[in-house]
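# Examining the three-dimensional arrangement
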Amino acid sequence: MKQDKDSFYRHIAQTSDEPMGLEVDRASGCYLFTTDGKKYVDLISGIAVSSLGHRHPNVIRAIKEQLDQHLHVMVYGEYIQKPQSRFADLLTRQLPDSLDRVYFVNSGTESVEGALKLAKKYTGRTKLVAFENSYHGDTHGSLSVTGRNVYRDPYEPLLPDVHFAAFNSKESLSIIDDSTAAVILEPIQGEGGVIPSQKAWLKEVRKRCDEHGALLIFDEIQTGFFRTGTLFAFEYYDVVPDILCLAKAMGGGMPLGAFVSSSEIFEVFKKDPPLNHVTTFGGHPVCCAAAHANLETLLSGDFSSKAYSIAEMACHMLWGDGIVEVRGRGAMLGLQLRDAVLTQKVVEECFKNGLILGWTLHSDSLIRIAPPLIIEPDLLEEAFDIILSAVRKFV
Ligand code: PMP
């Protein structure tokens, strides 16, 4: 409707001068339908959120059932709410024994904020080590550990005692010492341009943290919930973090974040003073009900193979002039093109042809490919054909 469009541009705070501006009517599975009657294939899952596709029936059913029970009833941590308890139980059953306690929040950045505070309080230290090119969110704490000056500079001074090291560099790990509270990293950097960490390097990070009593925080906000082929990326790397940050795909399309750690570490949130980390809406019952149905559904299907076959098809199909490489793991992929101009043209051309792609925040010559894991091979092939035709048109 014209009225909605006008209001969007007049009254909704804009994040850039060029929003995609798609006027959404409804969404289902891999598709978005717009008010002008067009249909789009969502090849980025609303940025790694809708892993089961949009509006998965199991998720919708769970939401409807919870709507009839209760919405918000109390701030986090006071009342026993079935959807929270049930989801925490299901989630921790998938995790190693040392990740047995969940703190629910509303978003990815809040989970990083909580993780940083938890690490500082547990260790009694202030130094944080993060990595160049990382992205951890846009609130002050998360921004402080985000490794890109262009986003941090306008907001300095940010958190003190944050030190950046080079990703995948063994030498750079000497920065981790006895004053380090935590090391935070994405096992596969997402916004940095889909850059996987090296297995041996990640093991070295773990070792260095252990030697110096620093906590290791994995930001799996983007990599979680089978996006990279295993339920969590840390399983592939065989490195268990002390704190695990989750959000995005966890809520099945509803806003939910969490940071997960051990009961021992979480003790420090209970005292000195009590209630030193609270949230009003964290772990909203409707979101937790959705997350439970989402995870149950993910666990009952073969989403691991589905994610790997998405990568296989991408590597098999996406090559030729103008294409440098496909990288990533599972269904968290980046298509590196020759340059930013070509990338812009390809994304726009695909959009005209009903395919939604995107950039990553720190890279303008990489196309993000992160389809819903439910995507059928035929549709994926069609989508890749659209990308290939667009690349060929402009090379
Ligand atoms: N960490 C990572 C790795 C992310 O990809 C994102 C979102 N792109 C965030 C943190 C922040 O999550 P949110 O937008 O939910 O605050």
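What comes next concerns the included structure. Predicted, not measured: the structure shown is a model, and the values here were computed from it.

### Structural notes on a negative patch on the surface
- A cluster of like negative charges, contributed by E376, D378, E381, E382 and D385, occupies part of the molecular surface.
- Along the chain, D378 falls in helix α14 (residues 377–394).

### Quick word on the packing of aromatic side chains
- What the rule picks out here adds up to 17 aromatic pairs.
- Relative to F104, the ring of F87 has its centre 5.8 Å away and its plane inclined at 20°; by these criteria the two rings are stacked. Placement of F87 in helix α4 (residues 82–93) and of F104 in strand β4 (residues 101–105) is noted, with a sequence separation of 17 residues between them.
- Using a relative accessible area of 0% as the deciding quantity, one classes F87 as buried.
- On the numbers, 6.1 Å between centres and 70° between planes, the contact of F131 with F167 is edge-to-face. Placement of the pair is F131 in strand β5 (residues 127–131) and F167 in the loop between β6 (162–165) and β7 (180–185), with a sequence separation of 36 residues.
- Overall, F131 belongs to the buried group, its relative accessible area being 1%.
- Three or more aromatic residues joined by ring pairs form one cluster here, namely Y76, Y103, F259, F266 and F269.
- Its guanidinium or amino end placed over the ring of F303, K306 lies 5.1 Å from that ring's centre, counting from NZ or CZ.

### Section: the site of the ligand
- Taken together, S107, G108, T109, Y135, H136, G137, E186, E191, D219, I221, Q222 and K248 form the complete shell of residues around the ligand.
- One of the side-chain N or O atoms of D219 is found 2.6 Å from a nitrogen atom in the ligand.
- Q222 places a side-chain nitrogen or oxygen 2.6 Å from an oxygen atom of the ligand.
- When the ligand sits alone it has 390 Å² of accessible area, and the protein chains cover 81% of it.
- When grouped by side-chain class, the residues that make up the shell around the ligand number two nonpolar, six polar and four charged.

### Here's the deal with the pattern of salt bridges
- This structure, assessed with the given rule, holds 17 salt bridges.
- Between E156 and R152 there is a salt bridge, with the nearest N and O atoms lying 3.8 Å from each other.
- Its relative accessible area of 42% is what places E156 among the partly exposed residues.
- A relative accessible area of 9% means that R152 is categorised as buried.
- When salt bridges that share partners are traced, they join E204, K207 and E211 into one network.

### Observations concerning the pairing of β5
- Most of β5 is tucked away: five of the five residues are buried.
- Residues of β5 alternate between two faces, with K127, V129 and F131 on one and L128 and A130 on the opposite face, all of them buried.
- Note: β5 against β7, three bridges, orientation parallel. Considered in β7, the bridge of K127 is made with T180.
- Looking at chain direction, β5 and β6 are connected through four bridges and run parallel. Looking at the pairing, V129 lines up with H163 of β6.

### A closer look at the sheet that holds strand β3 (residues 39–42)
- Read across the sheet, four strands follow the order β1-β2-β3-β15 without closing on themselves; strand pairing throughout is mixed. With one partner strand each, in any of the chains shown, β1 (24–28) and β15 (355–356) form the two edges of the open sheet.
- Pairing between β1 and strand β2 (residues 31–34): four bridges, direction antiparallel. If you follow A27 over to β2, its bridge partner there is L32.

### Brief notes about the packing of helix α12 (residues 303–317) against α14
- The contact between α12 and α14 brings their axes to 11 Å, and the two run at 35°. Once α12 is placed against α14, the crossing between them reads as right-handed. Contact residues: α12 offers I310, M313, A314 and M317, while α14 offers P377, L380, E381, F384, D385 and L388.
- Grouping the constituent residues of the contact of α12 with α14 by class yields eight nonpolar, no polar and two charged.

### Focus on a nonpolar patch on the surface
- Taken together, V150, Y151 and L361 make up a surface patch of nonpolar side chains, about 250 Å² in accessible area.
- Assignment of secondary structure puts Y151 in helix α7 (residues 149–152).

### Remarks on the sheet that holds β5
- The strand order across the open sheet built from seven strands is β4-β12-β11-β10-β7-β5-β6, with neighbouring strands paired in mixed fashion. Edge positions in the sheet fall to β4 and β6, since each has one partner strand and no second. Across the sheet, the mean angle separating the axes of adjacent strands is 20° when strand polarity is ignored.
- Where β4 and strand β12 (residues 257–261) come together, five bridges link them in antiparallel fashion. In the strand pairing of β12, R101 is matched with S261.
- Contacts between α4 and the sheet are confined to β4, β11 (243–246) and β12, with β4 contributing the most and set at about 130° to the helix.

### Digging into the packing of helix α3 (residues 57–67) against helix α11 (residues 285–300)
- Orientation of α3 relative to α11, taken along the N-to-C sense of each, is 150°, at an axis distance of 8 Å. Our classification of the angle between α3 and α11 gives roughly antiparallel. Of the two possible hands of crossing, α3 and α11 adopt the one that is right-handed. Facing N58, V59, A62, I63, Q66 and L67 of α3, the residues of α11 in contact are P285, V286, A289, A290, A293, N294 and T297.
- Broken down by class, the residue content of the contact of α3 with α11 amounts to nine nonpolar, four polar and no charged.

What counts and how
- Residues numbered from 1 in each chain as written.
- Predicted model: local features only at pLDDT ≥ 70, side-chain atom pairs only at ≥ 80, totals over all residues.
- Heavy atoms only, no water.
- Patch = residues over 30% accessible without salt bridge, like charges linked within 9 Å, V, L, I, M, F, W, Y side chains within 5 Å.
- Areas by Shrake-Rupley, 256 points an atom, 1.4 Å probe, with all protein chains shown as cover.
- Salt bridge = Lys/Arg side-chain N within 4 Å of Asp/Glu carboxyl O.
- Lys, Arg positive; Asp, Glu negative; His and termini not counted.
- Charge placed at Lys NZ, Arg CZ, Asp CG, Glu CD.
- Helix = DSSP H or I, 4+ residues; strand = E, 2+ residues; numbered from the N terminus.
- Phe/Tyr/Trp six-rings, centres within 6.5 Å; stacked < 30°, edge-to-face > 60°.
- Buried < 20%, exposed > 50% of the residue type's maximum accessible area, 1.4 Å probe, protein only.
- Lys NZ or Arg CZ within 6 Å of the ring centre and 35° of its normal.
- Near = heavy atom within 4 Å.
- Polar contact = N/O pair within 3.5 Å; in protein donor to acceptor, adjacent residues only side chain to side chain.
- Nonpolar A, V, L, I, M, F, W, Y, C, P; charged D, E, K, R; others polar.
- Pairing = 2+ DSSP bridges.
- Axes fitted to C-alpha atoms, helices over the stretch in contact; angles between N-to-C directions.
- Left-handed = near helix turned anticlockwise from the far one by under 90°.
- Contact = heavy atoms within 4.5 Å.
- Parallel < 35°, antiparallel > 145°, perpendicular 65-115°, else oblique.

Remember that the coordinates give geometry; whether it matters functionally is a separate question.
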